[in-house]
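Notes for the structure review
The chain contents come next:
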Amino acid sequence: LDASTFVVLMQLTLVFVALGERYILKKASTVKIWCLIFLQVACVSLYQLSNSDGRQGSSRSSTEPPQPPEKGVHAGSPVPSRFCVGLVLCLMANVSSAIGNILQQQFMQAAKTDLSTSIKLCYQHLIGFVLMALVTLSQRSARERILL
């Protein structure tokens, strides 16, 4: 996926969060929120479409011979397999991000109501930092970059 397509697809996280709140947390979003979400998705999508129209003809000069299709792409197939894999991975990232946001909101609402929000957030950030440090230290290349 190119960067602009990735950005457009990541806007779907907001839609997935709104749907998750509706069906998991049983909280209905207002019409204003849905309008704002779809307006943002539409604006980013329109920008992507207008940007891709200008790049279509400029990617290859007229004297270059046409490139053979990539491995795994059938002749005449409009969608390369690498694009499909990127699309699926991006959508999976959207769904997992939305589920994480929904679970965080559920935790903030349900966990010890007498505990202040700042302390709950501190615990979450502390756990996240420890997990990131452990993942970083478990990778040899990351350890070498940090130590050198």
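Residues numbered from 1 in each chain as written. Predicted model: local features only at pLDDT ≥ 70, side-chain atom pairs only at ≥ 80, totals over all residues. Heavy atoms only, no water.

On to the overall build of the protein chain. Each helix and strand counted, the protein chain has 6 helices and 0 strands in total. Ordering the α and β elements of the protein chain from the N terminus gives α-α-α-α-α-α. Per-residue burial for the protein chain yields a buried fraction of 18% across its 148 residues. The long-range share in the protein chain, meaning contacts at least 24 apart out of those at least 6 apart in sequence, stands at 58%. Accessible surface computed for the protein chain: about 11400 Å², of which carbon and sulfur atoms make up 68%. (Helix = DSSP H or I, 4+ residues; strand = E, 2+ residues; numbered from the N terminus. Buried < 20%, exposed > 50% of the residue type's maximum accessible area, 1.4 Å probe, protein only. Contact = heavy atoms within 4.5 Å. Areas by Shrake-Rupley, 256 points an atom, 1.4 Å probe, with all protein chains shown as cover.)

Attention now moves to the packing of aromatic side chains. Here the distance between the centres and the angle between the planes together describe a pair of aromatic rings. Summed over all chains, the structure comprises 1 aromatic pair. Over the aromatic face of Y23 sits the side chain of R22, whose NZ or CZ is 5.9 Å from the ring centroid. (Phe/Tyr/Trp six-rings, centres within 6.5 Å; stacked < 30°, edge-to-face > 60°. Lys NZ or Arg CZ within 6 Å of the ring centre and 35° of its normal.)

With that settled, the discussion passes to a nonpolar patch on the surface. A surface patch of nonpolar side chains, about 940 Å² in accessible area, is lined by I119, Y123, L126, I127, F129, V130, L131, M132 and L134. Along the chain, L131 turns up in helix α5 (residues 117-138). (Patch = residues over 30% accessible without salt bridge, like charges linked within 9 Å, V, L, I, M, F, W, Y side chains within 5 Å. Salt bridge = Lys/Arg side-chain N within 4 Å of Asp/Glu carboxyl O.)

Secondary-structure assignment places S29 in the loop between α2 (12-23) and α3 (31-56). The residues contacting S29, other than those within four sequence positions of it, are A18, E21 and W34.

Given 3.6 residues to a turn, an α-helix orients residues that are three or four positions apart in the same direction. Taking 1.5 Å of rise per residue, 12 residues should cover 16 Å, and α2 covers 16 Å from first to last C-alpha, within 8% of that figure. What α2 keeps buried is the set T13, V15, V17, A18, G20 and E21. (Expected span 1.5 Å × (residues − 1).)

Moving on to the confidence of the model for the protein chain. Of the residues in the protein chain, 81% reach a pLDDT of 70 or more, and the chain-wide mean stands at 76. Ignoring residues within four places in sequence, the model shows residues 57-62, a span with pLDDT below 50, making 3 contacts including any to other chains. (pLDDT = per-residue confidence, 0-100.)

A positive phi angle, close to 60 degrees, is found at K26, a residue other than glycine. Here K26 is to be found in the loop between α2 and α3.

This brings us to the packing of α5 against helix α6 (residues 140-147). At their nearest, the axes of α5 and α6 sit 5 Å apart, and the two run at 95 degrees to each other. Taken together, the axes of α5 and α6 lie roughly perpendicular to each other. Listed contacts from α6 to T136, L137 and S138 of α5 are R140, A142, R143 and I146. (Axes fitted to C-alpha atoms, helices over the stretch in contact; angles between N-to-C directions. Parallel < 35°, antiparallel > 145°, perpendicular 65-115°, else oblique.)

Within helix α1 (residues 3-10), the full set of buried residues consists of S4, T5, V8 and L9. The arc enclosing the buried residues of α1, seen along the axis, measures out at 135 degrees, which places them on a common side. (Arc of directions from axis to C-beta.)

For the rest of this paragraph, the subject is the environment of Q124. Within the element layout of this structure, Q124 appears in helix α5. Each C-alpha atom, one on Q124 and one on Q104, is 8.9 Å from the other, the two residues being 20 residues apart in sequence. In contact with Q124, not counting residues within four places along its chain, are Q104, F107 and M108.

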